[in-house]
Amino acid sequence: KLRARIPHLVLRSTFIVGFPGETDADHRELVEFVEKMRFARAGFFAYSQEEGTAAFDHEDQVPEKVKTKRRDRLVQVQQRIQEEFAAAQQGKVLSVLVDKIDEDGMSVGRAWFDAPEIDSVVHLLQDVEPGTMVDVKIVGQHMFDLVGDCNLDGSAEEDLPDV
């Protein structure tokens, strides 16, 4: 319902897998939920048994191997979703905050929907000073990362760099 009412809505979340008592059925339900919701960004962490927490002494601890396998399955699902999300940005004009110049001398920023240092980035075809907000046309992608052209007519597209 929210996506129908808010056209540019980008949903993100974080999940803990392997909480004591989590069953295979619970995990399958979570995988189906993530596939259905298609979060633009999501993180997955294995539950960590920490002394002093309510669940520390819970009898139904999930084995480490199972927690890792469950987390890895969700990461695999989410990576596919994020690649599809990146592909859907092709041709769109996005506002990008330039964060840095990378080791190859390229300007690198993030779209309005990405968090610094943990989400995908936008590699710019032009040199732009860090701290600058710029509109870019998305002309390519490399897995989850995007390639943006500051010339909104796409005139720099011919020479897309390997990122």
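It should be noted that the structure appears before, not after, this text.
Residues numbered from 1 in each chain as written. Predicted model: local features only at pLDDT ≥ 70, side-chain atom pairs only at ≥ 80, totals over all residues. Heavy atoms only, no water.

A. Spotlight on helix H2 (residues 24-37). Counted at 1.5 Å a residue, the expected span for H2 with its 14 residues is 20 Å, and the 20 Å between its end C-alpha atoms agrees. For H2, the set of buried residues is His27, Leu30, Val31 and Val34. With its buried residues spanning 100 degrees around the axis, H2 presents them on a single face. Residues of H2 that are exposed and point over 90 degrees away from its buried face: Glu29, Glu32 and Lys36. Buried residues in H2 make contact with strand S1 (12-17), strand S2 (41-46) and helix H3 (64-88). A positive phi of about 50 degrees marks Arg38, the residue just after H2. (Helix = DSSP H or I, 4+ residues; strand = E, 2+ residues; numbered from the N terminus. Expected span 1.5 Å × (residues − 1). Buried < 20%, exposed > 50% of the residue type's maximum accessible area, 1.4 Å probe, protein only. Arc of directions from axis to C-beta. Contact = heavy atoms within 4.5 Å.)

B. Examining the pattern of salt bridges more closely. Tallying each qualifying case throughout the model produces 11 salt bridges. Between Arg70 and Glu22 there is a salt bridge whose closest N-O contact spans 2.7 Å. In this pair, Arg70 sits in helix H3 while Glu22 sits in the loop between S1 and H2, placing the two residues 48 residues apart along the sequence. Residues Arg70 and Glu22 agree in their burial class; the two are buried. Linking Arg110 and Asp99 is a salt bridge whose minimum nitrogen-to-oxygen distance equals 3.0 Å. Note that Arg110 is positioned in strand S4 (residues 107-111) and Asp99 in strand S3 (residues 93-101), a separation of 11 residues in sequence. Put simply, Glu35, Arg38, Arg73, Arg80 and Glu84 are held in one network by salt bridges that share partners. (Salt bridge = Lys/Arg side-chain N within 4 Å of Asp/Glu carboxyl O.)

C. Quick peek at the side chain of Arg41. Residue placement: Arg41 occurs in strand S2. Given the relative accessible area of 4%, Arg41 is considered buried. Those residues in contact with Arg41, other than ones at most four positions away along the chain, are Leu11, Arg12, Ser13, Gln78, Gln82, Phe85, Phe113, Asp114, Asp119 and Ser120.

Everything listed here is a matter of coordinates, which is why it stays silent on function.
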